[in-house]
Amino acid sequence: MALLCCLLWGSAFPFIKIGYRLFAIASADTFSQILFAGFRFTLAGILTVIIGSITAKNMLMPKKENWNKVLVLCLFQTILQYTFFYIGLANTTGVKSSIIEATSTFAAIILSALVFRMEKLRMNKILGCVIGFAGVVLVNLSGAEGERFSFSFFGEGMILLSTLSYAASTVLGKRYSKYENPVTLSGYQFIIGGLLMVLAGVIGGGRLPVITVPGILVLLWLAVVSAAAYSFWTILLKYNPVSSVTVYGFSTPVFGVLLSTLLLGESTTGSISTIIALVLVSLGIYIVNK
């Protein structure tokens, strides 16, 4: 189930690029990208609530005392994570962003063990994370000639803050799932966060210049990806240790590279490196869960 989530998230990389092209959104138009993401997450939340309600044969609605938990999760998982991410992405490269984002697995495990005291930080977890992270670095740097590592607050700094926000939402999602249905949490935090992002995009002058049927279909697919992946992920966190679940996140960039090659025709000069990266990621997952 965790690998399915990561495969879905990996498919988001090429489909977001396809969506930008179909809606004619420029790569430097941050507010239009935030508007696009806002529509995506709002639709994802609506789909999550509808499907969850049909499955449960009852309208999903957070308990009165749990609305504050939905808002806190929304703040970290959607608003802060993606606001920081889009600002950072506009000021740094995709390679650096992917590598820094992969550190969210480290951050989630450390927060779970040292801050929230939800599990112990054992050597196998540290070793597995290091090996898995090595795979992510390898798959992103293969063929990236001349890529230099530098750091700026509004570039790499924002991506790092995005990563920390995601890690915090992972741990909070596990904690809050004790008190509320994970699907309910996921659905309503998406709706609130998505609507706020739409509002921010409109206020900032964002727009979708071209609207076509293929573009709408891509937007719907991205909404399905978010609805399914985050709902499954939250359910997994409820019943499993944070480290056992989040370590699978190292496979997301690998899936992203493979699917980008298939769907976008992007050449990967380091195909052997990609295979080695997949082996390292798999080894890291095995060591953490062994």
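One can find the structure itself at the top, above this paragraph.
What counts, and at which threshold
Along each chain, the written sequence defines residue order, and numbers are assigned to residues from 1. Reporting in this predicted model follows two pLDDT cut-offs: at least 70 for local features of residues, and 80 or more for side-chain atom pairs to be given and counted; totals over whole chains, interfaces and linings ignore these cut-offs and use all residues. With hydrogens and water stripped out, all remaining heavy atoms of the structure feed into the side-chain values. Buriedness of a pocket was judged along seven lines, with at least five required to meet protein on both sides within 12 Å; pockets are open sets of points on a 1 Å grid over the protein atoms alone, cavities are sets where a 1.4 Å probe fits but cannot get out, and lining residues have an atom within 4 Å of a point. Grid points are joined across faces, edges and corners, and a volume is the space filled by probe spheres set on the points. Residue type decides the class: Asp, Glu, Lys and Arg count as charged, Ala, Val, Leu, Ile, Met, Phe, Trp, Tyr, Cys and Pro as nonpolar, and the leftover types, Gly among them, as polar. Each Phe, Tyr or Trp ring, with Trp reduced to its six-membered ring, pairs with another whose centre is within 6.5 Å; inter-plane angles below 30 degrees give stacked pairs, above 60 give edge-to-face pairs, and intermediate values give tilted ones. Here a strand is any run of E in DSSP of at least two residues, a helix any run of H or I of at least four, and the numbering for each starts at the N terminus. A simple rule labels every residue: compare its accessible area, found with a 1.4 Å probe on the protein chains alone, to the largest value its type can have, and call it buried under 20%, exposed over 50%, or partly exposed in between. Every helix has an expected span of 1.5 Å times one less than the residues it contains. Pairs of N or O atoms are called polar contacts if they sit within 3.5 Å, as long as, within protein, a hydrogen donor faces a hydrogen acceptor (for residues adjacent in sequence, only side-chain-to-side-chain pairs).

Draft legend 1. Local environment of empty space enclosed by the protein. The full count for this structure, using the stated rule, is one cavity of 30 Å³ or more. What the largest cavity holds in volume is close to 70 Å³. In terms of lining residues, the largest cavity is bounded by Leu-73, Gln-77, Tyr-166, Ser-169, Thr-170, Gly-173, Tyr-230, Trp-233, Thr-234 and Leu-237. Of the residues contributing to the lining of the largest cavity, the split by class is five nonpolar, five polar and no charged.

Draft legend 2. Summary view of the packing of aromatic side chains. In total, this model carries nine aromatic pairs according to the counting rule given. When the centroid spacing of 5.0 Å and the interplanar angle of 70 degrees are considered together, the rings of Trp-9 and Trp-233 count as edge-to-face. Of this pair, Trp-9 sits in helix H1 (residues 2–22) while Trp-233 sits in helix H9 (residues 213–239), and the two are 224 residues apart along the sequence. Each member of the pair, Trp-9 as well as Trp-233, is classed as buried.

Draft legend 3. Quick look at H9. Taking 1.5 Å as the rise per residue, H9 with 27 residues should run 39 Å; its terminal C-alpha atoms sit 39 Å apart, in good agreement. Two to three positions downstream of the cap, the backbone nitrogen of Gly-215 sits 3.2 Å from a side-chain oxygen, assigning the N-cap of H9 to Thr-212.

Draft legend 4. Inspection of the layout of surface pockets at higher detail. There is about 290 Å³ of room inside the second largest pocket. Residue lining of the second largest pocket: 16 residues in total, with Thr-48, Ile-51, Gly-52, Val-183 and Ser-231 positioned closest to the centre. Considering only residue class, the lining of the second largest pocket consists of eleven nonpolar, five polar and no charged.

Note that all results are geometric; they support no functional claim without further evidence.
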